[in-house]
Structure formats: C-alpha cells, structure tokens
Amino acid sequence: MAKLLMLDDDENALTWMRAALESRGHELAVFTRARDALAALETFEPDIVVADVMMPELDGLSFARLVQRNRKIPLIFVSIAKKQAEAVLAGAVGFVTKPASAAEIRAAVDRILGEGARQSVVLVVDDDPSILDLYKAFLEPRFLVRTAQNGRDGLAVLERERVDLAIVDVLMPVMNGVELVRAIRENPELEKLPVIVQTSDRNAQRAQVWAPLRVSQVMDKAAFLDWFESQMRAVG
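Read on for a plain summary of the structure. Keep in mind that this is a model prediction, so the values were computed, not measured. (Residues numbered from 1 in each chain as written. Predicted model: local features only at pLDDT ≥ 70, side-chain atom pairs only at ≥ 80, totals over all residues. Heavy atoms only, no water.)

**Description of helix α1 (residues 11-22)**
The terminal C-alpha atoms of α1 lie 16 Å apart, and with 12 residues this matches the ideal 16 Å at 1.5 Å per residue to within 8%. For α1, every residue scored as buried is listed here: A13, L14, M17, A20 and L21. Looking straight down α1, one finds its buried side chains confined to an arc of 135°; they lie on one side. For α1, exposure combined with an orientation more than 90 degrees from the buried face picks out E11, N12 and T15. (Helix = DSSP H or I, 4+ residues; strand = E, 2+ residues; numbered from the N terminus. Expected span 1.5 Å × (residues − 1). Buried < 20%, exposed > 50% of the residue type's maximum accessible area, 1.4 Å probe, protein only. Arc of directions from axis to C-beta.)

**Observations regarding the packing of aromatic side chains**
Under the criterion given, the structure shown has one aromatic pair. Ring centres of F77 and F95 lie 6.3 Å apart, and the angle between their planes is 55°; this geometry places the pair in the tilted category. With F77 in strand β4 (residues 75-79) and F95 in strand β5 (residues 94-97), the pair connects residues that are 18 residues apart, well separated along the chain. Residue classification places F77 among the buried positions, given a relative accessible area of 0%. Assessed through its relative accessible area of 23%, F95 is described here as partly exposed. (Phe/Tyr/Trp six-rings, centres within 6.5 Å; stacked < 30°, edge-to-face > 60°.)

**What about the side chain of Q198?**
Mapped onto the secondary structure, Q198 falls in strand β9 (residues 195-199). What makes Q198 buried here is its relative accessible area of 0%. Among the polar contacts listed, one links the side chain of Q198 to the side chain of D126, at a separation of 3.3 Å. Apart from residues lying up to four places away in sequence, Q198 is in contact with D126, Y135, I167, V168, D169, V170, M219, K221 and F224. (Polar contact = N/O pair within 3.5 Å; in protein donor to acceptor, adjacent residues only side chain to side chain. Contact = heavy atoms within 4.5 Å.)

**Let's talk about the sheet that holds β5**
Read across the sheet, five strands follow the order β2-β1-β3-β4-β5 without closing on themselves; strand pairing throughout is parallel. The sheet is open, and its two borders are formed by β2 (27-31) and β5, each paired with just one other strand. Each neighbouring strand pair of the sheet contributes to a mean axis angle of 15°, computed without reference to strand direction. In the packing of helix α3 (residues 60-70) onto the sheet, the strands contacted are β1 (3-7), β3 (48-51) and β4, and the crossing angle to β4 comes to about 175°. (Pairing = 2+ DSSP bridges. Axes fitted to C-alpha atoms, helices over the stretch in contact; angles between N-to-C directions.)

The following block contains the structure:
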C-alpha cells in the first residue's frame, strides 16, 4: 500500500478522507496547516500528497509549488474551489471537487498509483505559430506539450491522448475555439478537462457562452501571457 500526506484545514474533511484511505491499507500523515506539512516532508516521503486549495496562511496552490520545487510527488487537490487549471500549472495530477465521496477519493488515489510516474500533458491550440513556440518555451520540460493550429486538429490530439489542460484561442480556421470547447464538453471522457481561453477579441472575451461550457479562465491574450508567465515563475 501507499504512503500519503494529507493537508486540509477542515478537520471533518480530514476525518472522513483519512478513514476512506486507511480502509485501503494506506499509511497517512495528516495535517491542518501547510507549514506543518512542509516541515514533515523533510523526513516523511509520501507516494502521493492530497491537499485542499483554500486554506489560511498558505493556500494549496502555493503549497504545491513549494513541494514541486524540490521533489516530484504526485499531488491531488480535493477542493470546492474551481481552480482545476491553476492546479495543473502548479503541478497537480488530479483534482476532486468537493463535496466528494469516499469512492471518488479512493478512485483518484488508485488511478495515480496505477499510472506511476507521469508528466502532465498540456495542449495549446492557436493558429499563431509564435504563440505556440512561446507556450512551449514556458511549459517544457515540466510538461509534455502538444500543439495544434485549429480546433479540428486539437480535437484529434484529445481523442488519441490523455491531456490534463487545454489552452485555446478563439479565432482560428477550420474549427474555432467555441466549436472546439463545445466538442470537448459533449464528449463524456473530456467533459471535466480544464480549459483556458485566451483571445485578443474583446467581444469573444465577453461572450456569454463560456460559463455554460465551464471554462476556467477567459482572458485577453496579452494579459493572459502575463498571468501565464507568473504561474510558471511561481513554480520555479
């Protein structure tokens, strides 16, 4: 069985998650404060870290970045916060949305244990080759990067390979960004894929379509590049 470090400031959540995982024979080290969990990692070597996102003093995303700077431990977030895209960029390989069940927590842990060491895959879909090159420079080698210059080719990547995060432009030939995200959400295997939309078109930024399609971020392309760079620098 595996060794797990669990971090959540909600003691009730820790109690039921601990019971769910210890019933499988896993060894757990449980903490309510991120600083205590970081200190424990100096001597405790877990196979997986399970953490909340919204916590006082040091939030889960910052905690994940600190963990990933010195070691590569698979990390799962269990949170009510809609931060799936940011979680991937911070190094997480799993995300379970609260309220969650014991079965969902066990399934997330079992999946990661079954996969072993695995790099997260990020798909960037944009018809501008310079943008594709820029994202690759930011993301590699921490992530495996796949690129496509239109929605149809991006969808083909998603159909043949597991992707952890998609970054999508809007105005593209063949299949635009709206059509691509709709196709993603219509596929049961992709409906939970985190998607970030970045575009220079202000009308597209303000479009009402994105909320129903559960897009994580919709940003101006220039602002998004600044935000994206800050996320990568935070990881170190």
